[in-house]
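# Observations on the three-dimensional arrangement
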Amino acid sequence: SSSNTSGVNAGGVALSAVSNRGGEVEESSAAAPTTTSSSTKGGVGPNAPPPGPLRRLLPKFPWHELPNYLTYARCISIPIFLALSYYPVIMPNRAPVLSLLFAVASITDWFDGFLARRWDVTSPFGAFLDPVADKLMVSTALIVLAGRYG
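What comes next concerns the included structure. (Residues numbered from 1 in each chain as written. Predicted model: local features only at pLDDT ≥ 70, side-chain atom pairs only at ≥ 80, totals over all residues. Heavy atoms only, no water.)

### What to know about the overall build of the chain
As a reminder, the rule being used: Strands here are runs of E lasting at least two residues and helices are runs of H or I lasting at least four, both read from the DSSP assignment and numbered beginning at the N terminus. Relative accessibility under 20% of the residue-type maximum defines a buried residue, over 50% an exposed one, and the middle range a partly exposed one, all with a 1.4 Å probe and only protein chains included. Contacts: residue pairs with any heavy atoms within 4.5 Å of one another.
The secondary structure content of the chain amounts to four helices and three strands. Overall, the chain shows an N-to-C arrangement of helices and strands of β-β-β-α-α-α-α. Within the chain, buried positions represent 25% of all 150 residues. Considering only contacts in the chain between residues 6 or more positions apart, those separated by 24 or more positions represent 48%.

In structure tokens:
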């Protein structure tokens, strides 16, 4: 029987050692596989599907940052939600607008996670900020509702 082990040395060359029946070890080296550059994938991760029509139409747009931009927009919508809920002079019939704002924030929550996983552009900062933005939006809405109707 033979056993096979492999590794990568400090120079990035893949090494593989095969032990044959006599216990002798034969080593062979091969160049490490190259990764696809982000420019060929439209600025997204290496496991992303090929660019669709919108990503092909706008190749200079930073698509790898879009999920974070959606999270930033959700964070910015929190003070807007507060302002619209506490200033009745601006908009006396504001319930539909607040509902729409909360619904759009919820949809962007799903969409940014979907895009980050699909395009393989997850980041530690995004993994941190996304749940924080969710909890801030929901707790803000609950506090506004409790203050008005509680």
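Moving on from the coordinates now.
### With respect to helix α3 (residues 95-118)
It helps to recall that an α-helix has 3.6 residues per turn; residues three or four apart then point in one direction. Heads up, the rule is: Helix span, as expected, comes to 1.5 Å for every residue beyond the first.
For α3, built from 24 residues, the straight-helix expectation of 34 Å at 1.5 Å per residue is met to within 8% by its first-to-last C-alpha distance of 34 Å. Positive phi appears at D120, one or two residues downstream of α3, with a value of about 60°.

### Details of unusual backbone geometry
Of note in this structure, D120 is not a glycine but carries a positive phi near 60°. With respect to the helices and strands, D120 occurs in the loop between α3 and α4 (124-149).

### Notes on the packing of α3 against α4
The test is simple: Between N-to-C directions, angles cover 0 to 180 degrees, with each direction set by a line fitted to C-alpha atoms, over the stretch in contact for helices. Our angle categories are set so that under 35 degrees counts as roughly parallel, over 145 as roughly antiparallel, 65 to 115 as roughly perpendicular, and the remainder as oblique. Handedness of a crossing is defined here by the sense of rotation of the near helix relative to the far one, left-handed for an anticlockwise turn of less than a right angle and right-handed for a clockwise turn.
Between α3 and α4, the least distance of the axes is 11 Å, while the angle of their chain directions is 160°. Judged by the angle between their axes, α3 and α4 are roughly antiparallel. In terms of crossing hand, the pair formed by α3 and α4 is left-handed. The residues of α4 that touch α3, namely those facing L101, F102, A105, D109 and D112, are D130, D134, M137, V138 and A141.

### A look at α4
Here α4 contains 26 residues, and its C-alpha end-to-end distance of 38 Å stays within 8% of the 38 Å for a straight helix at 1.5 Å per residue. Looking at the packing, one finds that the buried side of α4 touches α2 (66-86) and α3.

### Notes on a nonpolar patch on the surface
To be explicit about the condition: To count toward a patch, a residue needs a relative accessible area above 30% and no salt bridge. Like charges then connect within 9 Å, nonpolar side chains (Val, Leu, Ile, Met, Phe, Trp, Tyr) within 5 Å. Using a 1.4 Å probe, the Shrake-Rupley method yields the accessible areas, and only the shown protein chains count as cover for residues. For salt bridges, the criterion is a side-chain nitrogen of Lys or Arg within 4 Å of an Asp or Glu carboxyl oxygen.
Taken together, the side chains of L54, L57, L58, F61, Y69, Y72, F125 and F128 present a nonpolar region at the surface, about 800 Å² in accessible area. Broken down by secondary-structure element, the contributors of at least two residues to the nonpolar patch are α1 (53-57), α2 and α4. By the secondary structure assignment, F128 is in helix α4.

### Observations concerning the packing of aromatic side chains
Selection criterion: Two rings belonging to Phe, Tyr or Trp (six-membered ring only in the last case) form a pair when the distance between their centres is within 6.5 Å. Interplanar angles under 30 degrees mark stacking, angles over 60 mark edge-to-face geometry, and anything in between is tilted.
What the rule picks out here adds up to eight aromatic pairs. For the pair Y72 and F125, a centre-to-centre distance of 6.4 Å together with 55° between the ring planes defines the contact as tilted. One end of the pair, Y72, is in helix α2; the other, F125, is in helix α4, with 53 residues separating them in the sequence.

### Brief notes about the pattern of salt bridges
Applying the stated criterion across every chain, the model contains four salt bridges. When the shortest N-O distance is used, the salt bridge between R74 and D130 registers 2.4 Å. Of this pair, R74 sits in helix α2 while D130 is found in helix α4, placing the two residues 56 residues apart along the sequence. For D134, the salt bridge goes to R74, with nearest N and O atoms at 3.2 Å. Here the residue D134 occupies a position in helix α4, and R74 occupies one in helix α2, the gap between them amounting to 60 residues. Exposure remark for R74: the relative accessible area of 2% places this residue in the buried category.

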